[in-house]
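Examining the three-dimensional arrangement
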Amino acid sequence: MNSLKRAKELDQEYHFMNAFADSLDSGEGRLKGYTVSVKDNVCVKGVQSTAGSKVLEGYVPPFDATVIAKCRAEGASILGKTTQDEFGFGTFNVNTPFNKPLNPHDPERSTGGSSGGAACITAVADFPHLAISESTGGSISCPASWCGVVGVTPTYGRVSRWGLIDYANSLDKIGVMGKTVKEAALLLSVISGPDKYDSTVLDTPVPDYTELESVEELKVGVPKEYYGEGINSDVEKTIWSTLKKLESKGAKLIDVSLPHTKYALSSYYIIAMAEASTNLSKFSGLRYGLQEHIEGDFNQYFSKIRTLGFGDESKRRVMLGTFTRMAGYRDAYYLKALKVRTKVIEDFKHAFEAVDVLAAPTMPVVAPRFDEIEELEPIQHYMMDILTVAPNLAGIPMVSVPCGTSEDMPVGLHLMADHLQEHTMLRAAWEVENL
Ligand code: GLN
């Protein structure tokens, strides 16, 4: 059976896709034989790309994002668009009017978000498959950990974002998922590197990340702020047993402290919402997606489109984001959040003077059930991200690698490294995978 047909069959059960390509086309290159699924916020020529929002329903990009062009040039077939929270606003992939994917390990539980579809298909695909994903504040790590796959978020600026429907420009990073570290490393090698359409990409040479071998005397930092209070004790036990095994193979565990961690969540949500609220202003029902009969003045028409097209979480973020950058509140919120961000970056820089990677649980709990999520207030949704927002604020690379289970659900170990140290980080993740 061909992969497209098989993916459609699996999608009936798990709901991980928002749109399929019409057909598969493959070529020669490093990704020959692979199908690549694409998070719905990365544009694929000829395939509806909505970023999980009704406001973009019907938008079919006339071009490929740079990462897609790079995949095609290496022989990949593009399978279609995977589900996500609307514009990436969420941690459970439930904030969308479209498909809400089911966790492959227990259909009553969330896949995690916002790249839920990407993690879900990566876990269930029984054909050669890799996923293009994206993270602003943890959207690759979270679902990768809850679905039991490998998710890599590269350094900010390692991968071109041309063709990404942006959430928060100072935070967004396109990354990858795969069943194994090696497969994820392959896709990362293909999509990394300069792009004439995106001036934020670093032109540092791209190593072949698939060259995986043990790191001699690997120094693993254990940040005390990422353990203890707020972390499920059984999840923490699984993480510790992995770290102890790593130690028995010769790695050195070193206690470190990232003292500004407790401020990272508020800083992240202020910055992310401020940027999101400006980004969403381009959705006005004139140029892309949802359109209605034009009546009244511009403001009336824009309000009508946004009332119909945005979900509750997007509306909440537009309002909060606008508030934090209004004259009078700007200094107290937005500018303060930027200062905290600098402190968070300094914490990481200091830690990486002594260690190669930092290790922590990716998420504080295993994937929650949908009925539990329904009971949560918005602030409790945001608090789920306590372990992933700080490295995203700092723009450092991170990988979530499966490392055992708790309550029969997958647990992910989060490895973080200094800027552009993806190769060492992936080698460490490969060691964990082989323990
Ligand atoms: N859960 C976080 C948020 O809602 C991160 C999402 C993401 O990385 N796109 O902002």
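A quick note: this is a predicted structure, and the numbers were derived from the prediction, not measured. Think of each chain on its own: its residues are numbered from 1, step by step along the sequence as written. Confidence filtering applies because this is a predicted model: local features only for residues at pLDDT of at least 70, side-chain atom pairs given and counted only at 80 or more, and all residues used for totals across whole chains, interfaces and linings. Only hydrogens and water are set aside when side-chain values are computed; all heavy atoms of the structure are taken into account.

**Digging into the overall build of the protein chain**
Helix numbering and strand numbering both begin at the N terminus, where a helix is a DSSP run of H or I of at least 4 residues and a strand a DSSP run of E of at least 2. The helix and strand tally for the protein chain stands at 14 helices and 11 strands. Taking 435 residues into account, the globule formula puts the C-alpha radius of gyration at 22 Å, and the protein chain, at 20 Å, falls close to it. With a 1.4 Å probe rolled over the protein chains alone, any residue whose accessible area is under 20% of its type maximum counts as buried; one over 50% counts as exposed, and the rest are partly exposed. Looking at the 435 residues of the protein chain, the share that counts as buried comes to 58%. Here a residue-residue contact requires only that any non-hydrogen atoms of the pair lie within 4.5 Å. Within the protein chain, contacts between residues at least 6 apart in sequence are counted, and of these 76% link residues at least 24 apart. Under the convention used here, a 1.4 Å probe and the Shrake-Rupley method define accessible areas, while residue burial counts only the protein chains that appear. Entry remark: accessible area of the protein chain is about 17200 Å², with carbon and sulfur atoms responsible for 51%. In this tally, Lys and Arg are treated as positive and Asp and Glu as negative; His is ignored, and so are the chain termini. Charge positions are represented by NZ for Lys, CZ for Arg, CG for Asp and CD for Glu. Each charge class in the protein chain can be summarised by its mean position, and for the 43 positive and 56 negative side chains these summaries are 4 Å apart. As a reference, a globule follows 2.2 Å times the number of residues to the power 0.38, and the radius of gyration itself is taken over C-alpha atoms.

**Observations regarding the pattern of salt bridges**
The salt bridge criterion pairs a side-chain nitrogen of Lys or Arg with a carboxyl oxygen of Asp or Glu, the two atoms within 4 Å. The tally for this structure, following the rule as stated, stands at 20 salt bridges. Between Arg72 and Asp64 there is a salt bridge, with the nearest N and O atoms lying 2.8 Å from each other. With relative accessibility at 29%, the residue Arg72 sits in the partly exposed group. Between Glu346 and Lys343 there is a salt bridge; the shortest N-O distance is 3.9 Å. One end of the pair is Glu346 and the other is Lys343, both in helix 10 (residues 331–351) and three residues apart, which spans about a single turn.

**Notes on the side chain of Thr388**
Structurally, Thr388 is set in the loop between helix 12 (378–383) and helix 13 (389–394). Residue classification places Thr388 among the buried positions, given a relative accessible area of 1%. What Thr388 contacts, discounting residues up to four positions off in sequence, is Gly137, Gly138, Ser141, Thr362, Met363 and His414.

**A few points about the environment of Glu431**
Within the secondary structure, Glu431 is located in helix 14 (residues 422–433). Distance in space between the C-alpha atoms of Glu431 and Val181 is 9.6 Å, their sequence separation being 250 residues. Beyond its immediate sequence surroundings of up to four residues, Glu431 is in contact with Ser214, Val215 and Leu246.

**Describing the confidence of the model for the protein chain**
pLDDT runs from 0 to 100 and stands for how confident the predictor is about each residue. Residues at a pLDDT of 70 or more form 100% of the protein chain, whose mean pLDDT is 97. Predicted confidence in the protein chain is weakest over helix 8 (residues 298–309), with a mean pLDDT of 94, and strongest over strand 5 (residues 150–153), with 99.

**So, the packing of aromatic side chains**
A pair of Phe, Tyr and Trp rings is counted when the ring centres sit within 6.5 Å of each other, with Trp represented by its six-membered ring. The angle between the planes then sorts it: under 30 degrees is stacked, over 60 is edge-to-face, the rest tilted. This model, assessed by the stated rule, comprises 16 aromatic pairs. Centroid distance Tyr269 to Tyr382: 4.3 Å. Interplanar angle 25°. Geometry classified as stacked. With Tyr269 in helix 7 (residues 261–279) and Tyr382 in helix 12, the pair connects residues that are 113 residues apart, well separated along the chain. Across the pair, exposure class does not vary: Tyr269 and Tyr382 are buried alike. Any Lys NZ or Arg CZ that is within 6 Å of a ring centre and within 35 degrees of that ring's normal is treated as a charge sitting over the ring. The positively charged end of Lys8 is found above the aromatic ring belonging to Phe20, 5.5 Å away from the centroid.

**Let's talk about a negative patch on the surface**
Patch membership requires over 30% relative accessible area and the absence of a salt bridge. Like charges are linked within 9 Å, and nonpolar side chains (Val, Leu, Ile, Met, Phe, Trp, Tyr) within 5 Å. A contiguous patch of negative charge, built from Asp208, Glu211, Glu213, Glu216 and Glu217, is present on the exposed surface. Residue position: Glu211 is located in the loop between helix 5 (181–191) and strand 7 (219–223).

**As for the packing of helix 7 against helix 9 (residues 312–324)**
Axis definition: a line fitted to C-alpha atoms, limited for helices to the stretch in contact. Angles are taken between N-to-C directions and run from 0 to 180 degrees. With their axes 7 Å apart at the nearest point, helix 7 and helix 9 run at an angle of 105° to one another. Our classification of the angle between helix 7 and helix 9 gives roughly perpendicular. Where helix 7 approaches helix 9, its residues Tyr269, Ile270, Met273, Ala274 and Ser277 are matched on the opposing element by Arg317, Val318, Leu320, Gly321, Thr322 and Thr324. Residue classes follow a fixed rule: Ala, Val, Leu, Ile, Met, Phe, Trp, Tyr, Cys and Pro count as nonpolar, while Asp, Glu, Lys and Arg count as charged, and any other residue, Gly among them, counts as polar. Among the residues making up the contact of helix 7 with helix 9, the classes are represented as six nonpolar, four polar and one charged. Orientation is classified from the angle alone, with under 35 degrees giving roughly parallel, over 145 giving roughly antiparallel, 65 to 115 giving roughly perpendicular, and any other angle giving oblique.

**Some remarks on the sheet that holds strand 9 (residues 357–361)**
When DSSP finds at least two bridges between two strands, those strands are taken to pair. In space, the 11 strands of this open sheet follow the order 1-3-2-4-6-5-10-11-9-7-8, with mixed pairing throughout. Since the sheet does not close on itself, it has two edges, and those belong to strand 1 (17–20) and strand 8 (252–256), each with one partner. Pairwise comparison of adjacent strand axes, ignoring direction, gives a mean angle of 30° for this sheet.

**Overview of the site of the ligand**
Close to the ligand lie 15 residues; Gly137, Ser139, Tyr167, Tyr268 and Asp385 are nearest. N or O atoms within 3.5 Å of each other form a polar contact, as long as, within protein, one can give a hydrogen and the other can take it, and as long as residues adjacent in sequence are counted only when both atoms are side-chain atoms. Note that a nitrogen atom of the ligand is positioned 2.9 Å from one of the side-chain N or O atoms of Thr91. The separation between an oxygen atom of the ligand and a polar side-chain atom of Tyr269 is 3.4 Å. For the ligand, whose free accessible area comes to 300 Å², the fraction covered by protein is 99%. The residue inventory of the shell around the ligand, partitioned by class, reads four nonpolar, nine polar and two charged. Whether a residue is near a molecule or strand depends on its heavy atoms: it is near if one of them lies within 4 Å of it.

**Brief notes about unusual backbone geometry**
Note that the residue after Gly113, namely Ser114, is joined by a cis bond; omega there is 5°. Following the sequence through the fold, Ser114 ends up in the loop between strand 3 (77–82) and helix 3 (116–124). Residues other than glycine seldom take positive phi values, yet Ala51 does so here, at roughly 55°. A relative accessible area of 0% places Ala51 in the buried class. Of note in this structure, Glu407 is not a glycine but carries a positive phi near 50°. Among the residues examined, Glu407 registers a relative accessible area of 49% and is labelled partly exposed.

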